[in-house]
Amino acid sequence: MAQAVTLWLDRYPSPDERLVAQPVKRILVGNQKGGVGKTFVASGIAQAMAEMGLRVLLIDYDPQGHLSSRMQVDGLPEGGESLLTHMLGESTKHIARSLVSIPHERFGGRLHLLPASTDAFLMDTKLTLLQYGRDTCLVNALEPLEKSYDVIVLDGPPNLGTAMDLAINYVHRRPGELMDHSGILIPVWADRSSFDAYNLLTEQIRAHERRSKSKVDRLGFVVNAYDARKGVVTRGFYDGWYEQTNPGVLTTLKDAIEGREASDMQVPLLDYAPDSPHAQAMRNLAKELAA
Ligand SMILES: Nc1ncnc2c1ncn2[C@@H]1O[C@H](COP(=O)(O)OP(=O)(O)OP(=O)(O)O)[C@@H](O)[C@H]1O
Ligand SMILES: [Mg+2]
């Protein structure tokens with residue numbers, strides 16, 4: 001009997017053991033539509049996860065560098081090489097040299113940022129010229145960091161180019177990885193163009209899945225900057241998002257002053273307005289994604 005139980009336990013490890021064995025959680029906050037709140041959400045969930053006690057790496061994967069500037073980080077640290085340099089295999093130093101620790105006490109030294117670099121504006125062009133290993137160059141660049149983190153969050157760019165394709169590939173479900181452990185989190189607005197944008201994004205994800213024969217989990221929508229006072233049409237699109245089931249809506253973030261102010265003041269939201277509804281919503285979202 002005891003032998004049978006041991007055999008069974010070997011075969012079906014406890015959920016905790018399975019989770020421990022999971023690869024680092026990788027979340028791409030993505031939508032090619034500009035200004036929908038990708039940076040706001042990426043930064044907010046990363047802050048909340050670090051506050052919860054997780055080790056979090058935020059990657060500013062948008063050459064505009066909004067995430068870096070809103071974290072008051074002025075580019076790469078001295079001696080650090082850009083993510084693109086690492087992706088092209090031209091680096092001379094460990095990629096950990098490119099990271100900056102976000103100093104606020106509530107993050108306990110657990111929140112790190114890989115800042116944007118202006119060479120990322122050339123990423124698509126340079127990657128097109130890469131003859132070998134283009135599909136895996138982001139995976140390979142980040143691999144040396146993965147064991148040091150519980151979660152890696154990428155702030156996606158506002159386009160659907162090669163760089164975005166590599167980010168989609170980075171969060172695909174790896175062999176043995178549980179469904180929805182990693183994937184794409186999609187901020188949207190309650191308007192028509194957000195639905196059009198989502199259809200395009202879905203096409204790119206599906207094309208990637210077909211090409212790579214892998215699965216990319218869509219973790220859910222964040223309906224952002226919602227204001228019911230905008231009228232019945234807005235409310236109709238809002239209801240439209242809530243009718244989606246695969247994936248569904250994870251949360252709604254209202255259009256509120258703290259979000260805008262935190263960005264403009266370049267202070268992390270959870271430090272700027274820790275008790276605001278936005279901060280609490282980010283914590284709830286982080287808990288759900290980390291579960
Ligand atoms: N729920 C919200 N309430 C108030 N302001 C918000 C909210 N969400 C985002 N913002 C503000 O709107 C602006 C655009 O948001 P953000 O930069 O996160 O969008 P984005 O999708 O990353 O844009 P881009 O496509 O340029 O990367 C920022 O100033 C941000 O602080
Ligand atoms: Mg952004």
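Structure shown above.
What you are looking at is a predicted structure, and each value in this text was computed from that prediction instead of being measured.

Residues in close proximity to ligand 1 total 19 residues, the closest being T39, F40, P158, G259 and S263. Elements that contribute at least two residues to the shell around ligand 1 include exactly α3 (38-52), β7 (218-226) and α11 (257-265). Here the shell around ligand 1 is built from residues that sort into 6 nonpolar, 9 polar and 4 charged.

Following both chains from N to C, one finds helix α7 (residues 137-146) and helix α8 (residues 162-170) inclined at 55°, their axes separated by 8 Å at the closest point. Accordingly, the angle class assigned to the pair α7 and α8 is oblique. Read as a crossing pair, α7 and α8 show a hand that is right-handed. Along the contact surface, α7 presents C137, L138 and V139, while α8 presents L166, A167, N169 and Y170. Here the contact of α7 with α8 is built from residues that sort into 6 nonpolar, 1 polar and no charged.

A separate point is the nonpolar core. I45, L58, V153 and A167 are the most contacted members of the largest nonpolar core, which has 78 residues in total. Top contributing element to this core by residue count: α3, with 8 residues. Among all residues touching V153, those that are not within four sequence positions of it are I27, V29, A42, I45, A46, V56, L58 and I59.

Reading guide: rules and limits
- Residues numbered from 1 in each chain as written.
- Chains lettered and ligands numbered in written order.
- Predicted model: local features only at pLDDT ≥ 70, side-chain atom pairs only at ≥ 80, totals over all residues.
- Near = placed C-beta within 6 Å.
- Helix = DSSP H or I, 4+ residues; strand = E, 2+ residues; numbered from the N terminus.
- Nonpolar A, V, L, I, M, F, W, Y, C, P; charged D, E, K, R; others polar.
- Axes fitted to C-alpha atoms, helices over the stretch in contact; angles between N-to-C directions.
- Parallel < 35°, antiparallel > 145°, perpendicular 65-115°, else oblique.
- Left-handed = near helix turned anticlockwise from the far one by under 90°.
- Contact = placed C-beta atoms within 7 Å.
- Core = buried A, V, L, I, M, F, W, Y, C linked by C-beta atoms within 7 Å.
- Buried ≥ 20, exposed ≤ 12 C-beta atoms within 10 Å, placed from the backbone.

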